[in-house]
Amino acid sequence: MAGIRRRGKSFTITAYMGYDANGRQRKKTTTFRPPEGTPPGRAEKLARAYAAVWEDSVRGYVGLDENRTFADLAEWYYAAVAPAVLKPNVLAGCRKVIENHVVPCLGREKLKNITPGMIDGLLRSLQEDGNLQRRFRLRDRALLDGRHREQLAAQAGVRVSVVYFALRGNALHRENAEKLAAALGRPLEAVFEEVTEKKGLSGASVNRIKRNLSAIFTAAVKKEIMRRNPCALATPPKNDTQPAVYLNEEQCGRFLRLLRNQPDFQLEVFCSLMLTTGLRPGECAALHWEDLDLHTGILNVRCTLVRLNGQFVRQAPKTERSGRSIVLPRRIAELLTEFRAERQGKPNLHGSVFTNRSGDYANNAGLNAKLRRLLKDTDLPPVHLHSLRHTYASLLINADVAARVVADRLGHASTGTTLNIYSHVFEASAVKAMQAIEVALFAKSSA
């Protein structure tokens with residue numbers, strides 16, 4: 001920002017242009033004289049406005065295009081910039097978030113008119129009333145009587161799990177509800193009732209939207225479409241993300257026994273594998289039998305499974321460090337060997353370890369639903385699949401395994417990521433270490 005100094009009735013304006021090869025600061029200076037009789041306060045405002053325009057001109061902002069709308073800028077970003085830096089599924093998700101939550105509010109605004117205050121207002125409104133997902137529940141299970149579940153799902157163009165969710169009384173997204181109603185040949189209102197709850201988004205969700213929005217503005221500044229990123233001075237909402245949920249050692253034993261005594265063998269193997277390796281759910285679902293050497297007990301993480309345009313896609317893992325080799329506990333290698341023999345002769349379209357009934361990749365949403373039902377009538381915490389990864393991390397930390405080793409096992413990009421996510425576990429572990437030293441050194445003298 002240019003420096004402004006009053007000199008009598010005029011203002012000296014200085015733009016600092018960095019440093020030359022000899023380390024001397026480069027700068028340019030001009031003088032602004034307000035009209036005669038202008039009040040001092042008004043004169044200062046005119047000087048600041050003049051300084052902003054003049055500084056842009058001397059810095060070479062000749063390509064500014066701040067008269068275009070935000071909707072046009074977002075379209076440019078997702079067509080020209082994002083494909084080079086984001087994976088296809090991430091790009092699709094980010095674009096959907098911006099189109100749903102930001103374009104309706106800022107889409108018609110010219111870039112030059114978007115201020116940090118407008119961004120603050122948008123973020124506040126999202127926290128107060130930003131949940132746009134309309135939900136619909138099946139009016140009567142009898143509406144699906146006589147219809148083959150998998151055939152109905154194929155006709156509607158949805159996953160089989162969506163049909164079962166509807167039959168269990170779960171609320172569906174509008175898109176899936178409309179597809180099922182169309183497959184039944186009835187209007188949406190005749191098959192489903194709307195049960196949308198009006199509520200705001202969490203601070204964590206709003207911060208993700210802010211990051212996506214800031215990425216668009218940052219790209220515009222780099223390409224000299226805009227002067228500055230209005231998100232840079234916006235106030236981020238408080239991040240209300242709760243600490244990761246995990247099982248303790250005693251609960252893990254009960255959980256494994258519970259898995260062993262229920263009838264779904266695939267659920268037992270999937271959950272046991274996640275609990276003992278710290279895999280992400282997508283990494284576990286993407287496993288092919290060729291990724292496992294059950295003789296040596298080595299598991300190679302090469303891919304993760306995502307859903308893109310309604311289809312499962314096996315793509316590179318989340319980060320460079322996510323590709324890793326893991327030594328399996330002997331019991332898990334034996335369990336996988338038994339599971340492989342049990343799956344012989346069953347449909348398998350891709351050679352994947354975990355499959356659905358038709359042989360396609362197993363759907364994590366369906367496995368999560370089974371896990372919730374399994375835990376429903378127990379006194380164990382209501383964990384989900386990703387909680388098993390958190391549990392694995394907490395067991396390593398409480399066993400005093402170094403943070404660098406934990407990060408490598410989890411496939412984190414850096415140790416900082418591990419320390420940030422599991423800070424509360426590391427703190428508890430530090431207290432236990434202090435108590436151990438206290439007992440070892442001072443217990444006898446205290447007695």
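Residues numbered from 1 in each chain as written. Predicted model: local features only at pLDDT ≥ 70, side-chain atom pairs only at ≥ 80, totals over all residues. Heavy atoms only, no water.

## Details of the pattern of salt bridges
Argument step 1. Tallying each qualifying case throughout the model produces 16 salt bridges.
Argument step 2. A salt bridge links E44 to R48; the nearest nitrogen and oxygen atoms lie 3.2 Å apart. Taken together, the positions of E44 and R48, both in helix α1 (residues 40-59) and 4 residues apart, correspond to about one turn of that helix.
Argument step 3. Residue class for E44 comes out partly exposed when judged on its relative accessible area of 32%.
Argument step 4. When the shortest N-O distance is used, the salt bridge between E250 and R254 registers 2.8 Å. Remark: R254 and E250 occur in helix α11 (residues 249-260); sequence separation between them is 4 residues, near one turn of the helix.
Argument step 5. Classification of E250 by relative accessible area gives partly exposed; the value is 46%. (Salt bridge = Lys/Arg side-chain N within 4 Å of Asp/Glu carboxyl O. Helix = DSSP H or I, 4+ residues; strand = E, 2+ residues; numbered from the N terminus. Buried < 20%, exposed > 50% of the residue type's maximum accessible area, 1.4 Å probe, protein only.)

## Some remarks on the side chain of K210
Argument step 1. Inspection of the secondary structure assignment puts K210 in helix α10 (residues 203-222).
Argument step 2. In this structure, K210 is buried with no salt-bridge partner, the nearest side chain bearing the opposite charge being D120 at 7.7 Å.
Argument step 3. Setting aside anything within four residues of it in sequence, one finds K210 in contact with L123, C231, A234 and P236. (Lys, Arg positive; Asp, Glu negative; His and termini not counted. Contact = heavy atoms within 4.5 Å.)

## Considering the pairing of strand β9 (residues 304-308)
Argument step 1. Relative to strand β10 (residues 311-315), β9 is paired through 5 bridges, and the arrangement is antiparallel. Following the sheet pairing, T304 is matched in β10 by Q315.
Argument step 2. In textbook terms, the turn of a hairpin is the stretch between consecutive antiparallel strands, and for β9 and β10 this stretch comprises 2 residues, one of which, N309, has a positive phi near 55°. (Pairing = 2+ DSSP bridges.)

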